[in-house]
Amino acid sequence: MSFEVVTSSFRVSRRRGVPLVETLRIGGLAGLAAAAFALIGAYVAMDKRHVIENSLTLSQIAFALIAIAAGQVAGRAGEGGRTRPPLATALFHGGLAGLAGGAVVAALLLLLASFNLRTTLVAASPMLAKALSFGAPIASPQALAQLAALGAACGFVGGLVAALPAPVRRAVTGGFWAVLVAGLFRDVFVSIFDNLPALPGLEGMVFGSGGIEPGGAVVLFALVSGLVLAKDRLAGARKAAGGGAASKWRVGLLLAGLCVLPLVTDDFVAQVAMLVALYMLMGMGLNIELGLAGLVDLGFVAFFAVGAYTVALLCSSGPLAVADVSFWVALPVAVVLAAGAGMLFGLPVLRVRGDYLAMATLALGEIIRLLVLSDALAPYLGGSQGIIEIDPPSLFGLSLKSPASLYYLALALAGVVAFISWRLQHARIGRAWLAMREDEDVAQALGIDPVASKLLAYTIGAAFAGAAGAVFAALIGSVYPHSFQLLVSINVLAILVIGGLGSLPGVLVGAIVLIGLPELLREFGEFRYLFYGIALVAMMHKRADGLWPASRVGGDADA
């Protein structure tokens, strides 16, 4: 196994050891990871959730994935890290790594049955020991042997995956993830089936009461695997023919899905979609600052608060209202005020770069929040009590109160902001921002005024944040200071990094992944953030440019 740590200035490499020792080490580490997963309580919490109806729970799949990953890594390590090792070698090392991991979990089970670990590890309960015994007598030789055998079998599968040709491996992986997503988000898909009268009876054939039916899982796996194989072939043919319109199709499908989602799901999914649309709106604003101009802004939430409080003061029917105007009148006022705040604050701070700019903007976000909370401004902004009774927007006499209607409001504004961003990105000022992002000194030598260009980007980003704040106030119907904490800025920043800096489709994908999926997994409580963190680390390792990176040639990926 190779171990490499790469930073901007140095690289550390570890020499590979004997393959057999490396395999056992990988298996041991995988077993420790599985044991840690069980001892923090995640195994018991997720063991009640079936992904495959009456067959496989989410905990069992998590254990299997750990062993399969260990088998795949060990299968490659057995041949010195080759991309596609010989089948026999991969199977041997994969199975051995899985066996070692299973042995570690079996040792944990034996410890749970022999000692009372609950004084220090609360989750080391008899319930965990029973769950790890998989129906056999607790900690019996049969239970220990089946843990080792299951680990070896999963490791074997991992070794097989490592030896598969790359297209087949992608197809198998795609089919597996499709089944996992379908089983995990069963309620979302069931609500879609319920709202599609053209598919009567299909829901019962595919989904059970807690997950996807085994037969449906097999069909879905085969279908998605076949589609992935066909897509690879089409991509190869298109590349040979010199074509390249795949990104437009993907953008079109993504937009079509966003438009019809609230119509074919229930109110809960519509509320989650509404939140995703709101973060999309904010993400596109920060994309101007960070994605194009390279300005690290940790105080983005300040302009979001300016927009929200502006609408609250202008549209509220409460005692703190300064006017009683329509949302459509308050919206441009909020955008202008947020842009003005961005310009005023940008003038003194945009002469600094990098980490110093991040610290300065971080301070801005906290200053705005503390000012709103202060006793001095409480008679005007409500202090910790906030401003309530904000009237919802109305359009042609219809009040936009339902989650679906508010979602379309946020989506429409996000579309307008996306169009403006796209036009700016492909204009002269957009190229100037990109030049500054890559090398500010070189850009200045080419005649670009760095302060003016950065100030324009900062002002436009602040205006978009103000629009998002205005929509937020209308969506929630009230504003409170605790809604504008640093975490909002960090979430928006993470959306850009995960989706892809400078990529408009990346903002959409990042908002769905970072905001939508955790909301849909609320049943797992805080453990959902465990997978959230693991997925982020794995994604940064595999796709450091983001899930939908911006094209560097002509910028047409975003078109």
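Residues numbered from 1 in each chain as written. Predicted model: local features only at pLDDT ≥ 70, side-chain atom pairs only at ≥ 80, totals over all residues. Heavy atoms only, no water.

1. Overview of helix α15 (residues 354–373)
Item 1. Taking 1.5 Å of rise per residue, the 20 residues of α15 would be expected to cover 28 Å, and the 29 Å separating its terminal C-alpha atoms lies within 8% of that figure.
Item 2. Those residues of α15 not exposed but buried are L357, A358, T361, L364, G365, R369 and V372. The buried residues of α15 occupy an angular sector of 120° when projected down its axis, which confines them to one face. Of the residues in α15, the exposed ones pointing more than 90 degrees away from the buried face are D355 and Y356.
Item 3. Residues of α15 that are buried make contact with α13 (300–315), α14 (327–349), α16 (378–381) and α20 (450–476). (Helix = DSSP H or I, 4+ residues; strand = E, 2+ residues; numbered from the N terminus. Expected span 1.5 Å × (residues − 1). Buried < 20%, exposed > 50% of the residue type's maximum accessible area, 1.4 Å probe, protein only. Arc of directions from axis to C-beta. Contact = heavy atoms within 4.5 Å.)

2. Side note on a nonpolar patch on the surface
Item 1. Together, V18, L20, V21, L24 and F92 give the surface a local cluster of nonpolar side chains, amounting to about 450 Å² of exposed area.
Item 2. Considering each element in turn, the nonpolar patch owes the most residues, 3 residues, to helix α1 (residues 19–39).
Item 3. Structurally, the position occupied by V21 is in helix α1. (Patch = residues over 30% accessible without salt bridge, like charges linked within 9 Å, V, L, I, M, F, W, Y side chains within 5 Å. Areas by Shrake-Rupley, 256 points an atom, 1.4 Å probe, with all protein chains shown as cover. Salt bridge = Lys/Arg side-chain N within 4 Å of Asp/Glu carboxyl O.)

3. Looking at the confidence of the model for the protein
Item 1. For the protein, mean pLDDT is 84; residues scoring 70 or higher make up 91% of the total.
Item 2. Low pLDDT (under 50) marks residues 1–10, which in the prediction has 17 contacts with non-local residues, meaning those over four places away or in another chain.
Item 3. pLDDT under 50 marks residues 553–559. Its contacts with residues more than four places away, or in other chains, come to 16 contacts. (pLDDT = per-residue confidence, 0-100.)

4. What about the nonpolar core?
Item 1. With 96 residues, the main nonpolar core has V311, W433, V479 and F484 as its most contacted residues.
Item 2. When residues in this core are grouped by element, the largest group, 15 residues, is from helix α12 (residues 267–292).
Item 3. With residues up to four places along the chain from it excluded, the contact list for V311 reads S316, F327, A330, A334, I390, A470 and A473.
Item 4. Counting 42 residues, the second-largest nonpolar core is a separate cluster that includes V105, L108, A139 and A143. (Core = buried A, V, L, I, M, F, W, Y, C linked by side-chain atoms within 4.5 Å.)

5. Let's talk about the environment of G461
Item 1. For G461, the position within the fold is in helix α20.
Item 2. Here the alpha-carbon distance between G461 and L290, two residues 171 residues apart in the chain, equals 9.3 Å.

6. What about the pattern of salt bridges?
Pairing between side chains of opposite charge can happen when their charged atoms approach one another.
Item 1. Following the criterion strictly, the structure yields 6 salt bridges and no others.
Item 2. For R25, the salt bridge identified is with E22, shortest N-O distance 3.3 Å. Pair noted here: R25 and E22 are both in helix α1, with a separation of 3 residues, about one helical turn.
Item 3. Classification of R25 by relative accessible area gives partly exposed; the value is 36%.
Item 4. Assessed through its relative accessible area of 2%, E22 is described here as buried.
Item 5. For R369, the salt bridge identified is with E366, shortest N-O distance 2.9 Å. With R369 and E366 both in helix α15, this residue pair falls 3 residues apart, about one helical turn.
Item 6. Using a relative accessible area of 27% as the deciding quantity, one classes E366 as partly exposed.

7. What about the environment of Y529?
Item 1. With respect to the helices and strands, Y529 occurs in helix α23 (residues 528–542).
Item 2. As for Y529 and P518, which are separated by 11 residues in sequence, their C-alpha atoms are 7.4 Å apart.

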